[in-house]
Amino acid sequence: MTNDANVSVPIPPTDAEILHTACEFCPVACRYRVIRWPVGREGGSLASENALGVDLPTAIGQWVSPNMHNVVTYDDRLMNVIVQPDPDIDVVNIRGEHSIRGGVLARKLYNPGTPTADRFTTPLLRVRGQLQPISWDTALEIFARVSEHVIDTEGELAWGVKVYSYQYFENTYAISKLARGAIGTPNWAPHHGPAEGDDTPGLSDCGIDAFSSSYSDDREADVLLLVGTDAYETKTVRYTQWMQQTPTVNIDPRRGFTAKMTEKLGGLHLQVKPGTDTALLNAIAREIIANGWEDSEFIATYTASRSELNQESHWRRAKFALTFDEYRDYLFSKDEFTPEGAEVLTWVPADKIRQAAKMLAEPHADGTRKKTSLRFEKGLYWSHNYENTAAIGSLGVLLGAAGRPGRATSRLGGHQRGGLSGAGYPMDKSPHEFEGNKIEMDTDRWFVEGNTRFMWVIGTNWVGAMAASERLRERLEELTQRTGPEVTSADPRQAIRALNARVSAGGTVVVHQELYPNATTEYADLVLPAAGWGEENTSRMSAERRLFLYEKLADPPGEAMPDWRIAAAIANRMGFEGFDWEDSNAVFEEGGPKSGGRKAYNELVVLAQEQGIRAHDLLKSYSDRRAEGGGSYSEAAGIQCPIQRDGDTIKGTERLHADLTFKADSGKANFTMPDWDAVAERLEILGPERGEFHILNGRVNALWNNLGDQIRMAYHVDRWPANFVEVNPSDAEAAGIESGDWVRVWSDRVIDQLGDEMAAEVTLLAYVTDAVPAGVLYSYFNYPGQPINNLVSADTKLQPLNLRYNFKLARGKMEYLGPSEYKTDFRMSFAPRNIV
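Residues numbered from 1 in each chain as written. Predicted model: local features only at pLDDT ≥ 70, side-chain atom pairs only at ≥ 80, totals over all residues. Heavy atoms only, no water.

Colleague: Help me out: how do you make sense of the packing of aromatic side chains in this one?
Modeller: The description of two aromatic rings rests on the distance between their centres and on the angle between their planes. Scanning the model with the defined rule gives 37 aromatic pairs in all. With 5.3 Å between their ring centres and 45° between their planes, Phe 548 and Tyr 550 make a pair best called tilted. Tyr 550 carries the same exposure label as Phe 548, and that label is buried. Put simply, the rings of Phe 376, Tyr 381, Trp 382, Tyr 805 and Phe 807 touch in pairs and so form one group of aromatic residues. Above the ring of Tyr 74, the side-chain terminus of Arg 36 is found at 3.6 Å from the ring centroid. Over the ring of Trp 242 we find Arg 219, and its NZ or CZ is 4.1 Å from the ring centre. (Phe/Tyr/Trp six-rings, centres within 6.5 Å; stacked < 30°, edge-to-face > 60°. Buried < 20%, exposed > 50% of the residue type's maximum accessible area, 1.4 Å probe, protein only. Lys NZ or Arg CZ within 6 Å of the ring centre and 35° of its normal.)

Structure (structure tokens):
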């Protein structure tokens, strides 16, 4: 059962099965056609003889590369599988355009003759320091009995969950129903942060949903503002097909491909100093108001008055919401927000700030307003979370960029939207608060303080992905390997006694539920093998809220199970009721009534029940639809949520706020305080001193997250065999560094989860490029064994409104170590990556 990616692909016969799915990786969720048929059978080269329906050989678009083919097991039979960008698609990735990541999706699927052979296939228990296979019955018994001991003796706050927030509605619903509902713990955090909660609270407090736009708005806009993202690198097809030709103002400390393409196409790149976006956005807003370019009609009709704001029930909005007059007065009260004042703070020339304001807001020659859309991502909200999202939200309100074609303020998304709550967050139990108001608990701080006795880590590399990751690793080692007795036998009774004794001694038990081993697995007492993409029928949304069905393509390896089924088995073993689902469709249907807001899909479930069919099957019928021939953009290749009833059928929602009502008690939008003083105070603590660099982190096109898949694909790992650091040529020359040299990047001023300073370092490959300005370094954010996150400070008390790490505000020093083998053997290219 092998597939050498260097050999030809078998031709699918005409009776091969055709399925549909979407890319696993970025938030665009490009659609893919899957062709599956038994090994040993082939079609012919004529269109009439194969399932592709084309004469072979054929051109790109219908051509199937070796990386699009694999051999898998399905229903215990060896099957050929082709995972090909859908050449007939007319929304999302039109005509089958795809990224370098999506083009190798087939290679994700388990095949023991490929590097995927190290998948977890059976539960494992650490015995005398080594993981060894055990049965599911033993694994469930240990999980349940140790969990009960922790909850009974230490309370539910000592029982924690660290879980992906995106990996399909069925899974996240089941896991949250168990953890937050049945057990009732607030010790719960998503994969990307230390606490549950809103990632864009400032935008939300303006009344705007973070995923309000459609890709169609990118194209319909007269001008786009992009902030904190290299859209080509991270949302490739959305950029190339929907955004690239729209005139753009791009705010980014890096001069990457998107920034240079922006300028080539007549747009504007503002190369902002890291951490000063609030000042720059405020300066642009002030310049717009100074010229009378604000959307005065929208402001007068659809923004709240002071009396309306005084009635707001949410404490945060009540504290920080502003009227237009208050917002304007704040902007004009500070010299820092004049173009010249902002230039000093942000490195962006005053004339460019004026140009940006004019490009975004000056009316057309006939007096009509421009259709302006604002898009942003983690470069903005993972630095100064509240203030930055308040600044861009307020700018969006100022421009009337909400609810209308080509006029929206929205995130681009980091991943697809697969989070569905089976139970609400028990805020009343959280031990953390701000000014007397309960906020979601900081699970990392709680763990480092020694309060977590059981941690269930699901689908994430907890150690490598968080800030100050070295401190997290040290505490994990101490609490799992140096506290209490070790497990000396696979007998469940002995294992339970030993693990319970560790809990009583103040240690922690870690369960890691995953596909592959990663840095967190080193500290796991129990490993539960999970199913992944293509191994179950599941659903989730894209960044434009397009819901679709991921069809099952292959069996999970060995005894691995879907996460929803594992959660159900644990719940049943612990004696909880309501987890007896027959299949993933049953979970999906149960979740319908709880899928409110932008995710609302219950009308689809209701219609399916009326028609006497499964909701998954009805969703599949929408997933297979096309928009051409007069069809709807909102109901092709899926259906855009929230789903609405329309007589005897249902319809999607192309964009949110189309009725110009907003997420506030008044139903109106408002401005939110973009507090530069709070930012400046934080920068005094986190900013670099003399001899230190600003250290940024992010993604590159070929890689995804912690490389769980790409490190097992030669196509990707040959391009990036080690983590890199981008260095400006002037900084490289001063340090005697060339591309391909090993460098040490370190800091002795990393602030850990307790607010203490610590030392941390990482060894990286120098990549000399003008993509970064002098004084700034950039590296991949979660490369296995070389996590730049190690240098990111982790004190969430610096952002007390919403506990998020300042991932984009690291600082440190760099020194030359010596040449690497990649400098001379030409395995890794160091050519410029921002050539357009």
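Colleague: Explain helix H16 (residues 385-398) here, please?
Modeller: Because the α-helix completes a turn every 3.6 residues, residues three or four places apart line up on one side. Between its terminal C-alpha atoms H16 stretches 20 Å, which fits the 20 Å expected from 14 residues at 1.5 Å a residue. With 14 of 14 residues buried, H16 is to be regarded as a mostly interior element. In the stretch just after H16, Gly 400 is the one whose phi turns positive, near 65°. (Helix = DSSP H or I, 4+ residues; strand = E, 2+ residues; numbered from the N terminus. Expected span 1.5 Å × (residues − 1).)

Colleague: I would appreciate a short explanation of the pairing of strand E6 (residues 130-133) in the present structure.
Modeller: Looking along a regular strand, one sees the side chains alternate between the two faces of the sheet. Bridging between strand E5 (residues 124-127) and E6 involves four bridges; their strand directions are antiparallel. From the neighbouring strand, Arg 126 faces E6, where its bridge partner is Leu 131. Adjacent in sequence and paired antiparallel, E5 and E6 are bridged by two residues, among which Arg 128 carries a positive phi angle near 50°. (Pairing = 2+ DSSP bridges.)

Colleague: Could you clarify how one ought to interpret the packing of helix H8 (residues 277-290) against helix H12 (residues 324-331) in this entry?
Modeller: When two helices pack together, their arrangement is given by the angle between the helix axes and by the axis-to-axis distance. Closest axis-to-axis distance for the H8/H12 pair is 10 Å, and the angle between their directions is 110°. Our classification of the angle between H8 and H12 gives roughly perpendicular. For the crossing formed where H8 meets H12, the hand is left-handed. Contacts from Asn 282, Ala 285, Arg 286 and Ile 289 in H8 reach Phe 324, Tyr 327, Arg 328, Tyr 330 and Leu 331 in H12. Across the contact of H8 with H12, the residue classes tally to six nonpolar, one polar and two charged. (Axes fitted to C-alpha atoms, helices over the stretch in contact; angles between N-to-C directions. Parallel < 35°, antiparallel > 145°, perpendicular 65-115°, else oblique. Left-handed = near helix turned anticlockwise from the far one by under 90°. Contact = heavy atoms within 4.5 Å. Nonpolar A, V, L, I, M, F, W, Y, C, P; charged D, E, K, R; others polar.)

Read these as layout, nothing more, since geometry by itself doesn't imply function.
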